[in-house]
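# Notes for the structure review
Take a look at the letters that make up each chain.
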Number of protein chains: 2
Amino acid sequence: MRKIVLFSCIYFGFLHVASAQVNDSIIFKTIADNILLHGTAYSNLEYICKKIGPRLSGSSQMVKAEQETARMLREMGADTVYLQEMKVPHWVRGEKETAYLNMPDGKKRSLNICALGNSVGTGKKGITAMVVEVHSYEELDALGEKAIKGKIVYLDVRLNPTYLLTDRAYSEISHFRWNGASRAAKYGAVAFVIRSLASNTDDFPHTGGMGYNDSFPKIPALAVSTRDGDFISATIKNNKDVALFVRNTSTSLPLATGHNVIAEIRGSGMPDEIITIGGHLDSWDLAEGAQDDGAGCVQSMELVRVFKKSGIRPKRTIRVVLFTDEENSGAGGIKYAEFAKAENKRHLFAIESDAGGFVPRGFDFVITKERLEKLRSWLLLFEPYGIHRMGQGEPGADVDYLRPMGFTLSQLAPDSQRYFDYHHTAQDSFAAVSKRELEFGAIVMAQLVYMIDKYGL
Amino acid sequence: MRKIVLFSCIYFGFLHVASAQVNDSIIFKTIADNILLHGTAYSNLEYICKKIGPRLSGSSQMVKAEQETARMLREMGADTVYLQEMKVPHWVRGEKETAYLNMPDGKKRSLNICALGNSVGTGKKGITAMVVEVHSYEELDALGEKAIKGKIVYLDVRLNPTYLLTDRAYSEISHFRWNGASRAAKYGAVAFVIRSLASNTDDFPHTGGMGYNDSFPKIPALAVSTRDGDFISATIKNNKDVALFVRNTSTSLPLATGHNVIAEIRGSGMPDEIITIGGHLDSWDLAEGAQDDGAGCVQSMELVRVFKKSGIRPKRTIRVVLFTDEENSGAGGIKYAEFAKAENKRHLFAIESDAGGFVPRGFDFVITKERLEKLRSWLLLFEPYGIHRMGQGEPGADVDYLRPMGFTLSQLAPDSQRYFDYHHTAQDSFAAVSKRELEFGAIVMAQLVYMIDKYGL
């Protein structure tokens, strides 16, 4: 008899699990159908890209984007929408940058170049100096002041193409863009030029954040397009002394005011438990910031619309956060982390989409082993929607500021193959986003939030 | 003792399997690294798209493409390269098509339109007639001759956006493009216009093959862009009688000569066992045929290069086939199937890549259950390269002609979300192909062929 009871328990236990999965699978399909048929992520992204445009912190477009996305979130039926104020950097690019190589035949060969974010300018007259090419800090250190002083350092470092995920390749070298100028200035360089951190070869320079080490002079820092970087290398290879001219008038203005845009669906049972989902609303100034990160914003916003329209009433409070100033100093993420620490609420989970609006393939987590196992037990539900990967990984940069509080964090992991073709360039435009790929990112994030709200962590 | 022996067997059996997997994993990585570092698929595709261009069967570009890809395959080190001759259709589009609606205010509203492949022309003067909109054959049949005679039928059928794979949605409705004109002609329609079979809304009409039922008059068949199709619907909705003008001068010329391009790596141990891998070299005439199917050709060709360069010597004969005339009448696939049936060799496996050069997600097979289980036991090796799906499905259209012989068939299954944005339009250009996405397709096909050659089926 005992055996039979045990069997029944297993049997009904199985039925219970199976039936829960079937019910959840139906909600998954409801979310997917609603977004694929009636989704507004794509049209909202078009608005943000085309009616507003580039949204660097401190710019008037960023202010407009805050107002317009707050309006969209209200129209979607969010229970509360509010702005979280802070001071943000206000760097401006100035006039379009120019650069050329003085070729041995006396001609000038112009280069596609842009200043890195936060770079100082060259002055109106620009800078002309001999160019020294290096491929690592070891090479720079070995050359030292004797070879570097008074020169322009050209750093050629590349994303490793054999890595299967381009974000891994990018993460490995992005510190060169951030720190390279001061490393070169240490030896007396007068300017720093980096080959764009890109996965392809073309004519579009990639900007991105940089910072200065106060121990050394602040020198202009610029990125040259990959094709023109290769041209610099080829020219240096065949000629001993090559002079490079660079000119940028970028400058940092006094701090400006910026805001995170926050919208909430109030939890019906446990309103003081918080699940955060977001992207960053600011972008670099060269393009429309479609993949980086208009996509993550409109995908996160879509959760409010689809939950309301589908009658999904979460137990916990779902908070959509559109962070400001991810690109320049991280002020939005830092501010939200301070806020989360101060409020007397339990933060269950926070996810960010900031790796492009490409077709989703998985989720990366900062999570305990036990909780990850729980999430992975849901994989079967996600697989029809293209999600096969759930593992430890890096969270989005904004939610990463929540890590010291021990929160469970995540980032949507879309397919990474195309991201660093567009990243931080003039090519990061609405036209490069696929409606359906974007929508699938919105779908799987809403599905994941639904599950975590329902079953906890 | 017996127990211990059994345990040892399991233990060493496991070690044997594990060690085979490790060795294969190393070959997988060798193939991937070689293609990601030294691959020529992308530059070969650029050549085919930019130096040759559209390659409709019967066109001079198709002849050039046969010669140039044969040259490339020889240069890659194929042991044999030969052309397989046949007769192919030679349809020509003629002058650029024109169409407009006669609006109630007396103005003409021009429409983006193109003739479907094999369509007859309207005559130089074009055709003006009232337009009748239908959404199904049932609706057409219900309207009958009384409502249709002397009119232009406009058919609005759509890819179901809630399907997770767009190819499933396309397959469900592509017969409307193929048969719609004769279905309308049955009731006396004077022309047939279909809303483009597309997954997005834009201004680019999608061409594609059509055929006539000889029982009914041959009437011109055209596709209007999705946006302009929606405009036709909106205009009809608000106005009772709307006249549409269409003009195309397309015509079918006498049959031309075409060729499949075939390259072989001769098997070192079992040369009379054949593994076929291919794509189709012909394309529609509106664009460069980059995703459809230059991509599948250069991915297949890449196998020759990477096997030779990596020192992989297959036991079986690997045959790369670039089929001709997939788009228009399937002559290339039919010819190859006749050849395969006639030659006294064992065809182990045939795979085609004809669903775009997007990031691969799986393989679809026509295969026995036992063989599929064997392939699925290799999934762990493929997962790092993004392959999670191996199941029964449709093979490529050209290798599908091998089905009556009971061969095991397959198609590479890249991510399908973007394919029907470009398919058969002027947008199917080299610029829309990602180098890394294309390369991953080449990688996983070479890996699969390596495994099937090594372990059999």
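To keep things clear, this report deals only with the structure shown in the data block. Computed from a prediction, not measured in an experiment: that's the story for all the values here. (Residues numbered from 1 in each chain as written. Chains lettered and ligands numbered in written order. Predicted model: local features only at pLDDT ≥ 70, side-chain atom pairs only at ≥ 80, totals over all residues. Heavy atoms only, no water.)

## Overview of the packing of aromatic side chains
- Tallied over the full model, the rule gives 34 aromatic pairs over all chains.
- Members of the aromatic cluster, each reached through a chain of ring pairs, are Phe 28, Phe 349, Phe 363, Phe 365, Phe 382, Tyr 385 and Tyr 450 of chain A.
- Arg 168 of chain B extends its terminal NZ or CZ atom over the ring of Tyr 163 of chain B, reaching a point 3.6 Å from the ring centre. (Phe/Tyr/Trp six-rings, centres within 6.5 Å; stacked < 30°, edge-to-face > 60°. Lys NZ or Arg CZ within 6 Å of the ring centre and 35° of its normal.)

## Brief notes about the sheet that holds strand β12 (residues 316-323) of chain B
Residues and elements named next belong to chain B.
- The strand order across the open sheet formed by 8 strands is β1-β10-β12-β11-β13-β16-β14-β15, and the pairing between neighbours is mixed. Each edge of the open sheet carries a strand with a single partner, namely β1 (80-92) and β15 (389-392). Each neighbouring strand pair of the sheet contributes to a mean axis angle of 20 degrees, computed without reference to strand direction.
- As defined by bridge partners, strand β10 (residues 251-265) adjoins β12 across 5 bridges and the pair is classed as antiparallel. By the bridge assignment for β12, Val 261 is matched with Leu 322.
- On top of the sheet, helix α7 (residues 290-310) reaches β10, β11 (270-280), β12 and β16 (409-414); it is set at about 145 degrees to β11, its chief contact. (Pairing = 2+ DSSP bridges. Helix = DSSP H or I, 4+ residues; strand = E, 2+ residues; numbered from the N terminus. Axes fitted to C-alpha atoms, helices over the stretch in contact; angles between N-to-C directions. Contact = heavy atoms within 4.5 Å.)

## Regarding the sheet that holds strand β2 (residues 98-102) of chain A
All names here are of chain A.
- Strand order in the open sheet formed by 8 strands is β3-β2-β9-β5-β6-β7-β8-β4, and the pairing between neighbours is mixed. Strands at the two margins of the open sheet, each flanked by one partner only, are β3 (108-110) and β4 (113-115). Taking each pair of neighbouring strands and ignoring which way they run, the sheet shows an average axis angle of 30 degrees.
- Strand direction decides the pairing type here: strand β7 (residues 191-195) and strand β8 (residues 221-224), joined by 4 bridges, are parallel. Considered in β8, the bridge of Arg 195 is made with Val 224.
- Of the strands in this sheet, β6 (152-155), β7 and β8 touch helix α5 (residues 166-185), which is tilted by about 150 degrees from β7.

## Notes on the environment of Glu 139 of chain B
All names here are of chain B.
- In this fold, Glu 139 is placed in helix α4 (residues 137-148).
- Taking the relative accessible area as the measure of exposure, Glu 139 reaches 30% and is therefore partly exposed.
- A polar atom in the side chain of Glu 139 sits 2.8 Å from the backbone nitrogen of His 135. (Buried < 20%, exposed > 50% of the residue type's maximum accessible area, 1.4 Å probe, protein only. Polar contact = N/O pair within 3.5 Å; in protein donor to acceptor, adjacent residues only side chain to side chain.)

## Here's the deal with the relation of the copies chain B and chain A
- Of the transformation placing chain B onto chain A, the axial shift is 0.0 Å and the rotation is 180 degrees, giving an RMSD of 0.0 Å. Taken together, these values place the two copies in the relation of a two-fold axis. If distances are taken from each C-alpha of chain B to the rotation axis, the shortest is found for His 388 of chain B, at 3.7 Å.
- Both copies contact each other with a shared surface, as 100% of the interface residues of chain B are interface residues in chain A too. (Least-squares fit on C-alpha atoms with pLDDT ≥ 70 in both.)

## What about the pairing of strand β13 (residues 346-352) of chain B?
Residue and element names in this part refer to chain B.
- Burial runs high along β13: 6 of the 7 residues are buried.
- For β11 and β13, the ladder comprises 6 bridges, and the chain directions are parallel. Residue pairing for β13: Ile 275 is matched across the bridge by Phe 349.
- Pairing geometry for β13 and β16, over 3 bridges, is parallel. The partner of Glu 352 across the bridge, within β16, is Gln 411.

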